[in-house]
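Next come the chains, spelled out residue by residue.
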Amino acid sequence: MTIILGHQDLVLGAIGIRSLLVPCAFFIIGITLRRNLGLHEAAIIINKTFTFWLIIIGIVMIAQLLVGREHWLNALPDTLGGDGREGIGDYTVGEVSVYLIFRPVSIFLHTGKLGSVVFVLATFRLFYAFSKGLASAQLMRSVILDIMLILVTGQRAAIIGYFIALIICLVLYTKTPLKVLSYIFAIFSVCYILLNSYIDVDNTNIGMLFLMRAASGLSDISTRGTDNLIAPANYVWDAYALTPAGAGAFSLGAESFGGKPLYDVVPNGTAENSWLRLLAEEGFVGLIGNILFWGGLFIYIIFSYVTREKLYIDGKQNIKLILLGAAYIIGILLLWANTHDILGNSTVMSLCMLVAGAIGSLEESVLVEFNEC
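Residues numbered from 1 in each chain as written. Predicted model: local features only at pLDDT ≥ 70, side-chain atom pairs only at ≥ 80, totals over all residues. Heavy atoms only, no water.

### Describing the overall build of the chain
Which entries qualify depends on this criterion: Numbering goes from the N terminus for both helices and strands, where a helix is a DSSP run of H or I of at least four residues and a strand is a run of E of at least two. Burial classes: relative accessible area under 20% of the type maximum marks a residue as buried, over 50% as exposed, and values in between as partly exposed (1.4 Å probe, protein chains only). We call two residues contacting when some pair of their heavy atoms lies within 4.5 Å.
For the chain, the helix and strand inventory stands at twelve helices and four strands. Within the chain, the proportion of its 373 residues that are buried is 50%. In the chain, the share of contacts with a sequence separation of at least 24, taken over all contacts with a separation of at least 6, comes to 73%.

### A closer look at the nonpolar core
Applicable threshold: Each nonpolar core is a collection of buried residues, namely Ala, Val, Leu, Ile, Met, Phe, Trp, Tyr and Cys, held together in the definition by side-chain atoms within 4.5 Å.
By size, the foremost hydrophobic cluster in this structure holds 102 residues, and its most contacted members are Phe50, Phe124, Phe130, Trp294, Leu333 and Ile359. With 14 residues, the top contributor of residues to this core is helix α10 (residues 319–336). Once you skip the residues sitting within four places of it in the chain, Ile359 turns out to touch Leu39, Ala43, Ile46, Phe124, Ile322, Leu323 and Ala326.

### Focus: the confidence of the model for the chain
Operational definition: Confidence scores here are pLDDT values: one per residue, from the predictor, ranging 0 to 100.
When pLDDT is averaged along the chain, the result is 85; 86% of the residues meet or exceed 70. Taking the mean pLDDT of every element in the chain, the minimum, 46, falls on helix α12 (residues 364–372) and the maximum, 95, on helix α11 (residues 346–359). Ignoring residues within four places in sequence, the model shows residues 365–370, a span with pLDDT below 50, making five contacts including any to other chains.

### Topic: a nonpolar patch on the surface
Stated formally: A patch consists of residues exposed above 30% relative accessible area that lack any salt bridge, with like charges linked at up to 9 Å and nonpolar side chains (Val, Leu, Ile, Met, Phe, Trp, Tyr) linked at up to 5 Å. Per-residue and other accessible areas follow the Shrake-Rupley method at a 1.4 Å probe size, with only the shown protein chains counted as cover for residues. One speaks of a salt bridge when a side-chain nitrogen belonging to Lys or Arg is within 4 Å of a carboxyl oxygen belonging to Asp or Glu.
Judged by side-chain polarity, Trp237, Phe284, Val285, Ile288, Ile291 and Leu292 come together as a nonpolar surface patch covering roughly 600 Å² of accessible area. A per-element tally of the nonpolar patch places helix α9 (residues 274–307) first, with five residues. Looking at where Trp237 falls in the secondary structure, it is placed in helix α8 (residues 221–240). The exposure class of Trp237 is partly exposed, given its relative accessible area of 43%.

Below, the structure written as C-alpha cells:
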C-alpha cells in the first residue's frame, strides 16, 4: 500500500521489502532445522557454522590491518565510485587516533555491517559455550577470541552488547560476584596484553586505545540517542507519519534505484535509525506493525525461555541458556536499531532470525497449550 501511495516504484519497493522477507526466509530455515534435527543438534550446527565464519571474517580483518590502509585488500572496486575506501572507519577516541589503526570491513563493504555481524556470531558462541559447562580455561579461550575480534571492529554497540552478555553468562555460571569480577579482570587483562604485543604502532598503547574506545560507547549513549532519535523525530513525524514515502524509499541499498538515505533527507540530527526509517517509509500504521512483529518475536522467545524447564544434554549442557542467548541477541539488535539501521541490514537480521527460528521455537506441546490459552 505504501508503494502504491508513495513512490510507486516496484523495484525500489522490492529493496524495502527485502529487508523483511530475507530474514523471514532464514527464520523458516531455522525452524526447519529445529523440527528435523532437534534443539540440541540445531544448536551444534549453528555454533560450528558461526565459528567457521567468525574465523574467516577475523582472518581477513586482521590481514587488512597488517597490510595497511593503502593496500588493495582495503580498496573497494572502482565500479562502486568514490575513492575506493568508503567502508573503512577511523579508530578514534575523542581527539585521539592513530593513522595506521582503522576499522576494517573484512568481507563486507562497510565496517558497520562487520561490527553487527561479528556481534551476532560472537554472542551466540558465548551463550553456547557457557551452556556446555566447559572448564574455565576452555571458556576463556573462546571468550578472548570473540573479544579480540569485537574490539578490532571498533563497533561500540557490539562491544557493549557483548560485554553485558558476558556479565549475564558469568553471573549464571559462577553465582559469586567476586568470581565474576575476577573472570572479567583476567579476560580483559589477557586481551590488553595480546593487543599490545601483536600490534605495535609508534610506541602507542594500542590496548589502552581499544579499551578506551569500548568505554566511550557508554559515555556517548545519550549523545547518540539525541542525535539519531530525539533530534530528527519531530521532522520525520510531521513529514511522513500520515503520508509515508513508500517502502524502500530510504532503505539500505536503495540509492542505485532512486532512493536516498534518510539522513540525507532529514535536516535535524543524523536520522540513522531503523524505527524512524520505517516511520518515513511506511507511516504510523507501518511502524506499529513492525513494532508488533519484532517485539512479538522477542516476547515469543522470552516466553519459550520462561516456560521451559532446565534441559540438560549429557548431564551437563544447559540448553535453556541458549534460549536466553537467542532472546538477548534480538533484544540488543532492536535497541541498536535506534542508532543504526540494523533492521534494514538483511545480513545481520538473517543471522539473528536463523537463531530465533532454530533456538527460540517452542516445543510443539507447549505451543499447543499457548494457542489454547
